[in-house]
Amino acid sequence: MRAIDVSEAIDNNPVGRFQWTVVGLCALLLIVDGYDVFIAGTVLPTLMAEWQLSKPEAGALQAWALFGMMFGALIFGPLADKIGRKKGIAISFMLFTIATLSTGFASTPTEFKIFRFIAGLGCGGLMPNAVALMNEYAPRRLRGTMVALMFSGYSVGGMVAAALGIGLIPHFGWQPMFYIAAVPLLMLPVILWKLPESLGFLIRQDRQEQAKRIYAKIAPSVHLSANDKLTFTETTGAAASIAELFRHQRALRTAMLWVAFFCCLLLVYLLSSWLPKVLQEAGYAERASLLSLFSLNFGGMAGAIAGGWLGDRFGLPKVVVGFFAAAAVSIALIGFNLPAGMLFMMVFIAGATTIGTQILLYASVAQLYNLSVRSTGLGWASGVGRIGAIVGPTLGGLLLAKEFPLQQNFLIFAIPAVISAAAMLVFAVSNARRVSAVSLAAA
């Protein structure tokens, strides 16, 4: 009988069609997730006019989906460690697509809030599980790049929301933006058929036959006998719990990641919710203001891919610190009455270094924790981040209601990026010390 470590097979074999299929399926899931998240910014100006909402009321309206995302991340992350990634992803996907479709039928702000909260539960649950699954099937040498490629689907979803908003909202109103969510439901049978379960989860559950069928797709040249036993390096470890995230000298790094997640998602949802409205009030036409949302998400996609590639070569912590520093500068400059071309360039860089950096933060969390607590770690980091996401639109509404000068607003908006850069600098130093200590102990 042979004991075969599947993590070694994933790391040492070429990336095949099976793993690229996982990247593609998870990217499709996140396109839908991103569309659902960024749809809010496209419809906000129309909702404010139709329902006569003040800016603080509009910010609170946006926050309900983000409350749902926070609870979804905290519930479905740990749950998937127990029932499997595939089930966690399927439940989350079905929940938010049905709720998003239902939002199109809302006739009052209260109904809108309820449907958005339910949709948020699904969105919040999908992301940590998709990241955990992709992280598991990606070889270590390409992990940052593959996770970033998958996560670029999130930004593509935002670009689709902005593009459809430009074409649909002026002619048909905001409701069709939500009706379109019926289309992704057709994807669910394909996802359930093609998306693999976590190998580590199957091995932990002693479902060897299912694990062997997946292993054969990763390493087709290796022939397994009935007596061979698959193992996973990271399957051993403590049960999933929040306390485990702070053990093994991870307390400082966990805390710094949570600070970075909070500030990063605050920025993502602040910009995605309010940027079109702010630019409209600054004198830009509706089409131009929605194009800013497209530029923000296009930057997010470019930043995720570039950041993943750079992270695999120079280390994710260093890249994340640099990205947050660039975010602070670009966000501050948006308020300085720039020419249109320069404005969209700053919005592009802001998207690359906030939305793109959010993706790099997920990859950083996935690399910090072992398999037994990875979904829990991702779920809690995402959940803490969602608190920032709730604060972002609400804070934006309160600040804009005070009618500060545009320049002053964006200088305030840049502060969370500065805090994130400092937190990730502490994380990077602590991580480097830990890696050095482990290397010396091994020597």
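Residues numbered from 1 in each chain as written. Predicted model: local features only at pLDDT ≥ 70, side-chain atom pairs only at ≥ 80, totals over all residues. Heavy atoms only, no water.

**Student:** Would you mind going over the overall build of the chain with me for this structure?
**Tutor:** Broken down by element type, the chain carries 17 helices and 2 strands. Expected size for 443 residues packed as a compact globule is a radius of gyration near 22 Å; at 21 Å, the chain falls within 12% of this value. Dimensions of the chain, computed from the C-alpha atoms along their principal axes, are close to 70 × 45 × 35 Å. Looking at the chain residue by residue over its 443 residues, the buried ones come to 58%. Sequence-distant contacts, at least 24 apart, represent 83% of the contacts inside the chain between residues at least 6 apart. Of the roughly 16800 Å² of accessible surface on the chain, a fraction of 68% belongs to carbon and sulfur atoms. One way to put it: in the chain the 31 positive side-chain charges average out to a point 5 Å from where the 20 negative ones average out. (Helix = DSSP H or I, 4+ residues; strand = E, 2+ residues; numbered from the N terminus. Rg over C-alpha atoms; globule rule 2.2 N^0.38 Å. Buried < 20%, exposed > 50% of the residue type's maximum accessible area, 1.4 Å probe, protein only. Contact = heavy atoms within 4.5 Å. Areas by Shrake-Rupley, 256 points an atom, 1.4 Å probe, with all protein chains shown as cover. Lys, Arg positive; Asp, Glu negative; His and termini not counted. Charge placed at Lys NZ, Arg CZ, Asp CG, Glu CD.)

**Student:** Sorry, what's going on with the state of the cysteines here?
**Tutor:** Each disulfide consists of a covalent bond between the sulfur atoms of two cysteine residues. Counting across every chain of the model gives 0 disulfides. Of all cysteine sulfurs, the one in Cys123 lies closest to Cys26, which takes part in no disulfide; the gap is 15 Å. Its relative accessible area of 0% is what places Cys26 among the buried residues. Looking at the unpaired Cys263, the closest cysteine sulfur is the one in Cys264, lying at 8.7 Å. (Disulfide = S-S within 2.5 Å.)

**Student:** Just to check I follow, could you spell out the pattern of salt bridges for this structure?
**Tutor:** For side chains bearing opposite charge, pairing can occur when the charged atoms are close. If you walk through the whole model with that rule in mind, you get 4 salt bridges. With a closest N to O distance of 3.7 Å, Asp206 and Lys229 form a salt bridge. Within this pair, whereas Asp206 is found in the loop between helix H9 (199–204) and helix H10 (208–218), its partner Lys229 is found in strand S2 (residues 229–231), the two being separated by 23 residues in sequence. The class for Lys229 is partly exposed, based on a relative accessible area of 35%. One salt bridge connects Arg250 with Glu244, and the closest N-O pair in it is separated by 3.8 Å. Comparing Arg250 with Glu244, the two get one shared label, buried. (Salt bridge = Lys/Arg side-chain N within 4 Å of Asp/Glu carboxyl O.)

**Student:** Sorry, what's going on with the environment of Met150 here?
**Tutor:** Assignment of secondary structure puts Met150 in helix H6 (residues 143–172). Among the residues examined, Met150 registers a relative accessible area of 0% and is labelled buried. The spacing of Met150 and Ala304 is 154 residues in sequence and 9.3 Å in space, taken between C-alpha atoms. In contact with Met150, other than residues within four places in its own chain, are Val23, Cys26, Ala27, Leu30, Ala130, Val131 and Met134.

**Student:** Looking at this structure, how should I read a nonpolar patch on the surface?
**Tutor:** A contiguous nonpolar surface patch, about 430 Å² in accessible area, is contributed by Trp64, Phe67, Phe71, Ile75 and Leu79. As for its placement among the helices and strands, Phe67 is situated in helix H3 (residues 55–83). The class for Phe67 is partly exposed, based on a relative accessible area of 34%. (Patch = residues over 30% accessible without salt bridge, like charges linked within 9 Å, V, L, I, M, F, W, Y side chains within 5 Å.)

**Student:** What am I meant to see in the side chain of Arg116 here?
**Tutor:** Within the secondary structure layout, Arg116 lies in helix H5 (residues 109–137). Non-local contacts of Arg116, meaning those with residues more than four positions away in its chain, are made with Asp36, Val37, Ile39, Ala40, Trp64, Ala65, Thr100, Thr103 and Phe178.

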